[in-house]
Structure formats: C-alpha cells, structure tokens
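Overview (structure and organization)
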Amino acid sequence: MAGISRPRGTEDLLPEPLARLKRVLAAGLQVAAAHGYRQIETPIFESTDLFVRGVGEATDVVTREMYTFPDRGGRSLTLRPEGTAPVVRAFWESPLRQEPLPVRVSYAGPMFRYDRPGKGRYRQFHQFGVEVLGESEPEVDAEVIGLAWRWLERLGISGTSLQLNSLGDRECRPTYRAALLEFFEPQMAALPELDRERLRRNPLRVLDSKELADDGLLDRAPRTIDYLCSECRAAFDRVQEALSALGIPFAVNHRLVRGLDYYARTAFEVWHQELAGAQNALFGGGRYDGLSELLGYPPLPGVGFAAGLERVAMISAPAPEPGRPEVAVLSAPPADSKAAVALADRLRRAGLSVLLDAGARGLRGKLSFAERSGVRLALILGESELRARTVTIRRMAGRTQESLPLEGVEGRIRELLSSAELAEEGAS
Ligand code: HAM
C-alpha cells in the first residue's frame, strides 16, 4: 500500500500491547505509592538548554539523539529524551520546593530519542521513573533500587540481574579520569576512532565501548572503585549493605558507566537475559547530586531510576484486553431495533461491556460477527421476543439458547458470565 506510513522507530500501540503497557505501569505506580512516591507529569517538550546542560553536551543523547526544533517564537525546544532534568526543574518551579525534604515523586510518559531503531529500541518510547530530591543518605539509593525490584517481582519477571557501580564525585572523579587517560595513552594509536573520540570527550564512556567489549584491555583498565574518596567509598558500602538488608542480589560492575553525564556516586542498571546486547537494560538510574547546579539552581542531591516500559512489557505476561465486549445485543430484522438500542444502553449502565448490532442485516450475519468478536453471550430481540417482552440468550460456546423475561435480565446475564458452565464450554 502506498499510504503514508508511521515515522521510523515509532509504534502504534494496539489493544493487547497497550493493555500490557498500562498494566505494567499501573503496577509500578502502585509500588511507588506504597513507598510514598506521588505522581507528577512534566511537559513533553522543554527548553533545549535543559538537556544540553543537564544531560551533558558531549553525550550521545545530546549530540545525536535529540528532536530539537524552533517554535514559532524562535525558542529552541526539544522533545524530552529523559525525565530527570525536567523533574528537577519542576521541583524548583513549583510549590514542591517548599515541602519538607526529601520530596519523592514518580512519573511516566513518552520520551524521544533519535536512536537506531531495533528490538526494544524506539524513537518514541515510554518511561516510568521515580526521583527522590533533597536526600543524600545512601540508604535512599537502595530504596529506589528496591522499589524497582519489587515492581519487577510483582509483575512476575525473573531472569534479571542488578548491575551496580560507583562513579565517584567531584572530589575523586578527576583523579580517576586522569588514571584512565594515562592507562589508554600508550594504546591510543591502536584504538578504534570512536574510542579515541570517547577518550577526548568523555573518558569514562570508553568503559562501555562496544568496540572494545571483547578486548582484554578493558579488564585491565583502572576501576572507579579503586579511586573513590573516603566519603564515596563509605556511601557505596552503605548502599550495598542496604541492598543486602532488602535481600536484593547485585553484581558490582566496574564497567558500568551511564550514558548521561549527571551521575555521581551510585549508578545501576537492571538487565534481563532475554534482551540481547546493549539493549538489555530494563532500567537504569543513579545519584545525580550536581544536576540541580548544572541547571542553574541551588544544590539539591537526588537519586532515581527510569525504566523502558516497552522493554518491561515485552517480557511480562500478556494482559487481558479491557473493553473487549462480553455480550452482544442483536436486533433480528424485521423487528424494530429500538428495543435493542435501549437494552444495550441499560446493560452498559449496569457495568457490562456490550456490542450492539441494531442494523438492517439479517440475524445470521450478526451472529457470525458476534462470534468472531469473541463475545460469550448474544441477546437476541426479534419480533416474537418483542411481543412477549422476552429476550433470547444464546451461549456462543455451546450454541444453546434460553428465553427470559426482559425485565431483570441483567442478573441472569451476570450469573451466566461468571458460571463455570460457560467457562467450561468456552474452554472446550
Ligand atoms: P536511561 O538509561 O537513558 O536513563 O533510560 C532508562 C531506560 O529507558 C533504559 O534502561 C531503557 O529501558 C529505556 N530506554 C532508553 N532509550 C530507549 C529507546 N530508544 N527505546 C526504548 N527504551 C529506551 C534515563 O533516562 C535516566 N533519566 C534515568 C534516571 C532517573 N536516572 C536517575 N533518575
């Protein structure tokens, strides 16, 4: 077909995948609420500067992946590639800043990155995330990880592994960076161009280089945790102790650096075995104590995570589609269709999901459509039913019928829908 297709890297969310995404998100919001997190929403577009300064000028996200455009007033706007910088901005620009600290929030919504589309990687995707603002105690780092972990448990997802690292802070990171550069200096000429570029712009990123992944070089490279100052070291120990108290297993991963520049100290990702390669992160997060200042606001420590909802949904169980009708109301021409219209309305108001077929085509065609729509009961209103003020109820699975008075038929329908008899017939 030669119609206009959807943009590359975007998806139309059809009923079942959408139901799954919503169920996954609802579980996340519930677990977050149980931890005292309140949901907020920030705009889908923001000033470009928010991400350039927050996420970092040299990151892939900012240099290559942002959807940036001028609006009609000449302002540079960007479709948000992530939610943390917007949440910090929203904190300072709202009454949240007057609340006692820490402030705990959750958020969800579409994010946009001009990424190379592939399995689990889209240009428009959805994140669910939480942020704790105004708390530097390392136990909240573990709280945030614990919340995400309990969420996956509630969804029945296993096969995950928690990868943990500390990236140091303003005190100790420069020493580490220098050690890293010194280590790679003699190898510089032999390195792929991409990695030389990484070392020039953002040396830590060389640690998660795909090009060097199978090279023993990275195993010998200096490790952040050997360069941590005493505060960062103590904080990292406390995060690990709190995770142990929660009974959450983790692996310290010396190569875990994150794609966004605002992190300090704790960094983590949760990987899943079914998501291959670099796209295996279900979620990622960490501490970002310097972010608020990067955005021009007073210092405000923070920690959080965000998960890709499509990725979590992909490995979770299928969800029942809400809104799939259970009952069809069919007028049988030449009988007048008004009674069918009224009955469908009555049943919907009684809370049932009802498909109405009140058109002029014959009953056979209507029954066949009802069957293909997956309804379990068809209620037929023909001339004899209208005369006797009854309705014929047909069980689709067994093709058995009964006739009942129209008055009070809701009760019998409910009984039938929940009866084992119907379920058995349906299963056979
Ligand atoms: P991030 O690691 O860039 O972190 O993204 C978090 C998650 O979003 C990833 O683990 C992945 O599941 C999903 N994701 C990212 N890009 C794509 C894509 N192109 N297609 C599908 N899913 C994707 C952040 O965004 C930080 N704001 C997380 C955070 C919160 N750190 C502290 N607080």
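Conventions used here
- Residues numbered from 1 in each chain as written.
- Predicted model: local features only at pLDDT ≥ 70, side-chain atom pairs only at ≥ 80, totals over all residues.
- Heavy atoms only, no water.
- Near = heavy atom within 4 Å.
- Polar contact = N/O pair within 3.5 Å; in protein donor to acceptor, adjacent residues only side chain to side chain.
- Areas by Shrake-Rupley, 256 points an atom, 1.4 Å probe, with all protein chains shown as cover.
- Helix = DSSP H or I, 4+ residues; strand = E, 2+ residues; numbered from the N terminus.
- Nonpolar A, V, L, I, M, F, W, Y, C, P; charged D, E, K, R; others polar.
- Domains from an automatic or database assignment.
- Disulfide = S-S within 2.5 Å.
- Buried < 20%, exposed > 50% of the residue type's maximum accessible area, 1.4 Å probe, protein only.
- Phe/Tyr/Trp six-rings, centres within 6.5 Å; stacked < 30°, edge-to-face > 60°.
- Lys NZ or Arg CZ within 6 Å of the ring centre and 35° of its normal.

**Remarks on the site of the ligand**
The environment of the ligand is made up of 27 residues, and the closest members are Glu82, Tyr122, Glu131, Arg258 and Tyr263. Between Arg113 and the ligand, the recorded distance is 2.9 Å, taken from a side-chain N or O atom to an oxygen atom. Within the side chain of Tyr263, an N or O atom sits 2.6 Å from a nitrogen atom of the ligand. In isolation the ligand offers 660 Å² of accessible surface; the protein chains occlude 95% of this area. Where the shell around the ligand is concerned, the elements lending two or more residues are strand E6 (124-133), strand E10 (281-287) and strand E11 (302-308). Here the shell around the ligand gets six residues from one element, more than from any other, and that element is E10. Counted by class, the shell around the ligand contains twelve nonpolar, eight polar and seven charged residues.

**Things to note about the domain arrangement of the chain**
Domains assigned within the chain are domain 1 (15-172 + 228-315) and domain 2 (327-427). Placing the centre of domain 1 and that of domain 2 at their C-alpha centroids yields a distance of 49 Å.

**Here we look at the state of the cysteines**
If you walk through the whole model with that rule in mind, you get zero disulfides. The structure places no disulfide on Cys172, whose sulfur is separated from the nearest cysteine sulfur, that of Cys229, by 3.6 Å. Here Cys172 falls in the buried class, since its relative accessible area comes to 5%. Free of any disulfide, Cys232 has its nearest cysteine sulfur in Cys229, 3.5 Å distant. On the basis of relative accessible area, Cys232 is assigned to the buried category, the value being 1%.

**A look at the packing of aromatic side chains**
Taken as a whole and judged by the stated rule, the model has ten aromatic pairs. Seen from their ring centres, Phe91 and Trp92 are 5.1 Å apart, and the 85° between their planes marks the pair as edge-to-face. The exposure class of Phe91 is buried, given its relative accessible area of 1%. Taking the relative accessible area as the measure of exposure, Trp92 reaches 18% and is therefore buried. Over the aromatic face of Tyr114 sits the side chain of Arg123, whose NZ or CZ is 3.9 Å from the ring centroid.

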